[in-house]
Structure formats: C-alpha cells, structure tokens
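What follows is each chain in one-letter form.
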Amino acid sequence: MNDIKLNKQDNNTTRIKFYHGVPYISYLALEKIPWLCHGFSTRIGGVSKGHFTSMNLGHGRGDSEENIIKNHEIMANVIGFDAKNIVASRQTHTTNIKIVSKEDIGKGIYKERDYDNIDGMITNEKEIVLTTYYADCVPLYVVDIKNKAIGLSHSGWRGTVGRIGKVTLERMAKEYNTNPKDVIVCIGPSICKECYEISEDVAVEFIKEFPEHIDDILQNKGNGKYMLDLWSCNKIIFEECGVLKENIHLPDVCTCCNYQVMFSHRATNGQRGNLAAFLEIK
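Predicted, not measured: the structure shown is a model, and the values here were computed from it. Counting restarts for each chain: residues are numbered from 1 in the order of the written sequence. Selection of residues for local features in this predicted model requires a pLDDT of at least 70, selection of side-chain atom pairs for listing and counting requires 80 or more, and totals for whole chains, interfaces and linings are taken over all residues. Side-chain calculation: all heavy atoms of the structure are included, whereas hydrogens and water are not.

> So what's going on with the packing of aromatic side chains? Which residues, and what values?
Only the six-membered ring of Trp is used, alongside the rings of Phe and Tyr, when aromatic pairs are assigned; centres must lie within 6.5 Å, and planes under 30 degrees apart are stacked while those over 60 apart are edge-to-face, with the rest tilted. On inspection of all chains with the given rule, the structure shows five aromatic pairs. Between F40 and Y134, the aromatic rings sit 5.8 Å apart at their centres with planes inclined by 45°, giving tilted as the arrangement. Of this pair, F40 sits in strand β3 (residues 36-41) while Y134 sits in strand β7 (residues 129-134), placing them 94 residues apart in sequence. Members of the aromatic cluster, joined through ring pairs, are W157, F206 and F210. Note on conventions: DSSP H or I runs of at least 4 residues are helices, E runs of at least 2 residues are strands, and numbering of each starts at the N terminus.

Rendered as structure tokens:
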C-alpha cells in the first residue's frame, strides 16, 4: 500500500515514505541533516485491532502490551533505528523535560520507567531514540545543528500555554550550550485551527499568555466557543526565543482532518490509539 493520500495544508513540510508497505511521515528539513534519524507514524501498518487499528503505539488505552511492543518494532525497522534504543516519555501535559542518557534506553518499552510526568526529552548522545506520543497534540522536534543535540516535546494546549517549546530550548542551552539561532524546529502533525474548538475557560488562558497575538491564534465563534491555532502559538513561542523564522517549519498535516490515516482524539471521541514521534542522533 504505497498510495496513501493525506489532506495537506499549503506548507511544504512533510512527505510520506514507505518501507515494505508501511508508511511514515518524514520532515524535509530534517532529511537534510545526515546525522539524524527521525519519523512520525501513521495509524497504518501495525498489528492492533478494533479502534486501535492498526499501528497503535500508546500504552494505557486497552491495547495489549504484545501489540504495542510489536508495533514499536515495526516502526523501528521502517524508519531505521534499533527498537531497543527507544526511550518513551510519560506524558501528563506538563512542561517537564528529562535529560536522557544511555542508561535510559529501553525504558517505557522493554523496561519499567523510573520517571513520571515527562512531556519532553533532550539528549546529545548517539543511538538514543527519543519517543513521544500523539493523537491531536503538537509534536515539537528541536535540533541543534551546531552542537548535535536534540529535543522532542509534546505540546497540548496546557503545554503550549506553559511554553514547553521555550522550556525545551532553555534546557538545551543549559546542558548543551544551544543557541536558538542554530536550531531547526519542526512542528509536527496535529490538530489544525479549523478543527480545534475550545471552551471559554481555555481561551482565557491563551488570552492571558498571548495578549499581543489574540487575533492570530483565536477565533471567537460565540456562545463561549473559540477556535484555537496551536500551530501559530508554538511558532510565536519559538520566534520569541530567537529561533530564525526560516528555521521554523509549520505542519502541513492535520490529524483530525486525516483521522482515517492518523489517530485523532477529537475525530473519534477518544476511541483511538496513539501515534508516535521518533528522533535520534545516529
């Protein structure tokens, strides 16, 4: 099956690649970096059944551990990394960042995690596969091309209000001397503004945090409902941190618009599995 079609936005950010018929999403800007291995899964090509069909990579939703491990191993083979080197996040919509080392490999897949409340991870070590999970929230790929350091963070609305992109960059600056001007950012497949309706209490949080950008990120639909642009919010955060505009790559794929190919919490009322983002220094 090499003929999957996605409803894409105008941004020329991603392409679908296949290996043995299993698709994954690749970022054009990251393909140019020879020491990097990366990818983002779809819901196609795995072994899970029912509403997890078929490439479910998320724990804790009712799928079997055997299926989840097998699906991770399939994606490792497809993208080109060793599944044993995966380090899985433990996401709870925080802005907590973990510094990952070789001692952590296998955690969350083959070993118990000895950490909790981790929505972002950073490393500068080779052969560590940072892995975070999604079904509408925003993946943030952060690559320091000068110091060969990477970060991968999960940014839902709480993480976006908390500016997890900024927190990720600050931790990378502290640990690896990262300068935002040397960073490539890819904001990954996630829910678009046209699909993401929020209530007034959530809108208030964004009005407080982004007062100068309200017209760019919020559309008032009346009756206490708003449409929120998480993509623009995260772009604003990275720009304000000093990342060059030309180095920030917005998504061209909405998970909700493409729920038959991507898992989407909104489109399926929570009856879904999880996608995953992978990032590794070779």
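> Any details on the state of the cysteines? Residues and values, ideally.
Cysteine sulfur atoms are paired as a disulfide whenever they fall within 2.5 Å. Tallied over the full model, the rule gives zero disulfides. In this structure C192 is a free cysteine whose sulfur lies 3.5 Å from that of C254, the closest cysteine sulfur available. For C257, which is in no disulfide, the shortest distance to another cysteine sulfur is to C254 and amounts to 3.6 Å.

> Got a sec to walk through the environment of A277? Specific residues and values, please.
As for its placement among the helices and strands, A277 is situated in strand β15 (residues 275-281). Residue classification places A277 among the buried positions, given a relative accessible area of 0%. Along the sequence, A277 and R171 sit 106 residues apart, while their C-alpha atoms lie 20 Å from each other. Contacts are residue-level and defined by heavy atoms, with any inter-residue pair within 4.5 Å sufficient. Each residue touching A277, except ones within four places of it in the same chain, is listed here: G39, F40, L130, T131, T132, Y134, P139, Y141 and L152. With a 1.4 Å probe rolled over the protein chains alone, any residue whose accessible area is under 20% of its type maximum counts as buried; one over 50% counts as exposed, and the rest are partly exposed.

> How would you summarise the sheet that holds strand β10 (residues 183-187) if you had to cite specific residues and measurements?
For two strands to count as paired, DSSP must find a minimum of two bridges between them. The strand order across the open sheet built from six strands is β5-β6-β9-β8-β10-β14, with neighbouring strands paired in mixed fashion. Either end of the sheet is taken by a strand with one partner, and the two such strands are β5 (97-99) and β14 (248-249). Bridge analysis of strand β6 (residues 120-123) against strand β9 (residues 149-155) gives four bridges, and the strand direction is antiparallel. Residue pairing in the sheet places M121 in a bridge with L152 of β9.

> Mind laying out the sheet that holds β7, listing which residues take part and the relevant values?
The six strands lie next to each other as β1-β2-β3-β15-β7-β4, forming an open sheet whose pairing is mixed. Each end of this open sheet is capped by a strand with a single partner; those strands are β1 (14-19) and β4 (86-88). Averaged over all neighbouring strand pairs, the angle between strand axes comes to 30°, with direction disregarded. Its contacts with the sheet put helix α2 (residues 65-79) on β1, β2 (22-27), β3, β4, β7 and β15, and the angle it makes with β2 is roughly 60°. The convention used is that axes are lines fitted to C-alpha atoms, helices contributing only their stretch in contact, and that angles between N-to-C directions extend from 0 to 180 degrees.

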